[in-house]
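What follows is each chain in one-letter form.
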Amino acid sequence: MAAQPVSRMLRRVLRSSVRSCSSGAPVTQPHPGEPSQPAVEPLSSQVPSGRRRFLREHAAPFSAFLTDSLGRHHSYLRISLTEKCNLRCQYCMPEDGVPLTPKADLLTTEEVLTLARLFVKEGVDKIRLTGGEPLVRPDVVDIVAQLHQLEGLRTIGITTNGISLARLLPQLQKAGLSAINISLDTLVPAKFEFIVRRKGFRKVMEGIHKAIELGYSPVKVNCVVMRGLNEDELPDFVALTEGLPLDVRFIEYMPFDGNKWNFRKMVSYKEMLDTLRQQWPELEKLPEEESSTAKAFKIPGFRGRVSFITSMSEHFCGTCNRLRITADGNLKVCLFGNSEVSLRDHLRAGASEEELLSVIGAAVGRKKRQHAGMFSISQMKNRPMILIGG
């Protein structure tokens, strides 16, 4: 399918989805000379300037508990709110599903917030809520609002499949949500149903529209690229960034339990880049942000940009600043590692803050220099992605 027809198709979908959005306002481009729609105000800007200056001038050394043996500071925490999901994506969940953890063994809301407070107190300044699908958790808006109260937390993000986003995003934004990643692996409705084994393409489009309408910029769109399935759509996704404030992030296919990964299905970053440069030779690389997992590029004159998550072909372990807490309360210091420690069990045993920090510090201290490589990872026992937090 050519890029232009798909771009027109998405614009039609976005226009038609406006009818089901509560505001009824279409996605519009600013005319020359008119101010563009303001982006969502970052959490840090809501702190009085005098207080921000005081915090900068009196900043304490970064927590030893969140610093590993290689000196990497872990300031980014991903918290899975649920193992449940309303889709069944092929790369995330085995076809026959996964056994879910009993509810009594999942973190309660108060346990989630207790751990978040502890990590933020030690220097975490960004938290991303994941799943499963985090928006199926009934109290997700309240959790965001409670996190928003934590002093020192600069960014609250969420990674979602977008099915419920249009309905919940106004409440989430009001509660303090500052960043959004939306998973979308195809622009073809029939192929969407094949990949996720469910309907819902139009709802995801409505979610993207709503995020743009509410001023999120960029809206990050995560696309897992799989050979023989969607690699032919790379130009179509890039074409969307011409007029929309999107950061389309192409993700190399990664091995997890039950997703039938093999090397032949993986499309490398270099191959994707070569494909795009055939159509857009002017594609230019942007400076890399500290601890970023993405290699970002932009086509001059385009409103958005494209990025590549190169976990398999060019890992970024050396600057990794991420930790993960699973929905059942296990701390994972590496996405691809199978080493975990239960913070839930220590919490429920009445561990003090100091004891929890000792457990966390020991786990972080054992973090390896880099992951084992895609071929070794594919043979290792690890959780399916849905049980880690995507």
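Residues numbered from 1 in each chain as written. Predicted model: local features only at pLDDT ≥ 70, side-chain atom pairs only at ≥ 80, totals over all residues. Heavy atoms only, no water.

Under an unreviewed UniProt entry, the name given to the chain is GTP 3',8-cyclase, and the source organism is Balaenoptera acutorostrata. Its UniProt record gives the chain the following Catalytic activity (unreviewed entry) comment, quoted word for word: "GTP + AH2 + S-adenosyl-L-methionine = (8S)-3',8-cyclo-7,8-dihydroguanosine 5'-triphosphate + 5'-deoxyadenosine + L-methionine + A + H(+)". The UniProt entry for the chain carries the following comment under Cofactor (unreviewed entry): "[4Fe-4S] cluster". (UniProt positions renumbered as here; feature names shortened; annotations may be inferred.)

Caption draft 1: Examining helix 7 (residues 201-213) more closely. Spanning 13 residues, helix 7 covers 19 Å between terminal C-alpha atoms, matching the ideal 18 Å at 1.5 Å per step. In terms of burial, helix 7 is largely enclosed, as eleven of its 13 residues are buried. Along helix 7, the residues classified as buried are Phe201, Val204, Met205, Glu206, Gly207, Ile208, His209, Lys210, Ala211, Ile212 and Glu213. Backbone geometry just downstream of helix 7 places glycine 215 in the positive-phi region, at approximately 95°. (Helix = DSSP H or I, 4+ residues; strand = E, 2+ residues; numbered from the N terminus. Expected span 1.5 Å × (residues − 1). Buried < 20%, exposed > 50% of the residue type's maximum accessible area, 1.4 Å probe, protein only.)

Caption draft 2: Up close: the packing of aromatic side chains. This structure, assessed with the given rule, holds six aromatic pairs. When the centroid spacing of 6.2 Å and the interplanar angle of 90° are considered together, the rings of phenylalanine 237 and phenylalanine 250 count as edge-to-face. Within this pair, whereas phenylalanine 237 is found in helix 8 (residues 234-240), its partner phenylalanine 250 is found in strand 6 (residues 246-252), the two being separated by 13 residues in sequence. As far as the burial class goes, phenylalanine 237 and phenylalanine 250 line up, both buried. Centroid distance phenylalanine 250 to phenylalanine 308: 5.9 Å. Interplanar angle 40°. Geometry classified as tilted. Separated by 58 residues along the polypeptide, phenylalanine 250 in strand 6 and phenylalanine 308 in strand 9 (residues 305-309) bring together distant segments of the chain. A single burial state applies to phenylalanine 250 and to phenylalanine 308, both of which are buried. Put simply, the rings of Phe237, Phe250, Tyr269, Phe297 and Phe308 touch in pairs and so form one group of aromatic residues. Sitting over the ring of tyrosine 76, lysine 126 keeps its end group 4.5 Å from the ring centre. Lying across the ring of tyrosine 269, lysine 295 places its NZ or CZ 5.5 Å from the centre. (Phe/Tyr/Trp six-rings, centres within 6.5 Å; stacked < 30°, edge-to-face > 60°. Lys NZ or Arg CZ within 6 Å of the ring centre and 35° of its normal.)

Caption draft 3: Spatial organisation of the pairing of strand 2 (residues 126-130). Most of strand 2 sits inside the fold, with four of its five residues counted as buried. Of the strand pairs in this sheet, strand 1 (residues 76-80) and strand 2 are connected by five bridges, and their pairing is parallel. Within the sheet, the bridge partner assigned to serine 80 lies in strand 2 and is threonine 130. Direction of pairing for strand 2 relative to strand 3 (residues 155-160): parallel, over a ladder of four bridges. Note on strand 3: the bridge partner recorded for leucine 129 is isoleucine 158. Once you follow strand 2 into helix 4 (residues 140-148) and on to strand 3, the crossover reads as right-handed. (Pairing = 2+ DSSP bridges. Right-handed = clockwise from strand over helix to strand, strands pointing away.)

Caption draft 4: Representation of the packing of helix 3 (residues 109-121) against helix 4 within the structure. The N-to-C vectors of helix 3 and helix 4 enclose an angle of 25°; their axes lie 11 Å apart at closest approach. Taken together, the axes of helix 3 and helix 4 are roughly parallel relative to one another. The crossing of helix 3 and helix 4 is right-handed. Of helix 4, the residues touching helix 3 (which contributes Thr109, Leu113 and Ala116) are Ile143, Gln146 and Leu147. Classifying every residue of the contact of helix 3 with helix 4 by side-chain character gives four nonpolar, two polar and no charged. (Axes fitted to C-alpha atoms, helices over the stretch in contact; angles between N-to-C directions. Parallel < 35°, antiparallel > 145°, perpendicular 65-115°, else oblique. Left-handed = near helix turned anticlockwise from the far one by under 90°. Contact = heavy atoms within 4.5 Å. Nonpolar A, V, L, I, M, F, W, Y, C, P; charged D, E, K, R; others polar.)

Caption draft 5: Here's a closer look at the sheet that holds strand 9. Strands sit in the order 7-8-9-6-5-4-3-2-1-10-11-12 across an open sheet of twelve strands; the sheet is mixed. The outermost strands of the open sheet, each flanked by one partner alone, are strand 7 (284-285) and strand 12 (340-342).

Caption draft 6: Local environment of the pattern of salt bridges. Per the counting criterion, the structure on display carries 14 salt bridges. The residue arginine 72 makes a salt bridge to aspartate 68 at a minimum N-O spacing of 2.5 Å. Taken individually, arginine 72 and aspartate 68 each receive the classification buried, so the pair is uniform in this respect. Glutamate 110 is the salt-bridge partner of arginine 117, the closest N and O atoms lying 3.3 Å from each other. Arginine 117 sits in the partly exposed class, given a relative accessible area of 36%. Through salt bridges that share partners, Lys191, Asp232 and Glu233 make up one connected network. (Salt bridge = Lys/Arg side-chain N within 4 Å of Asp/Glu carboxyl O.)

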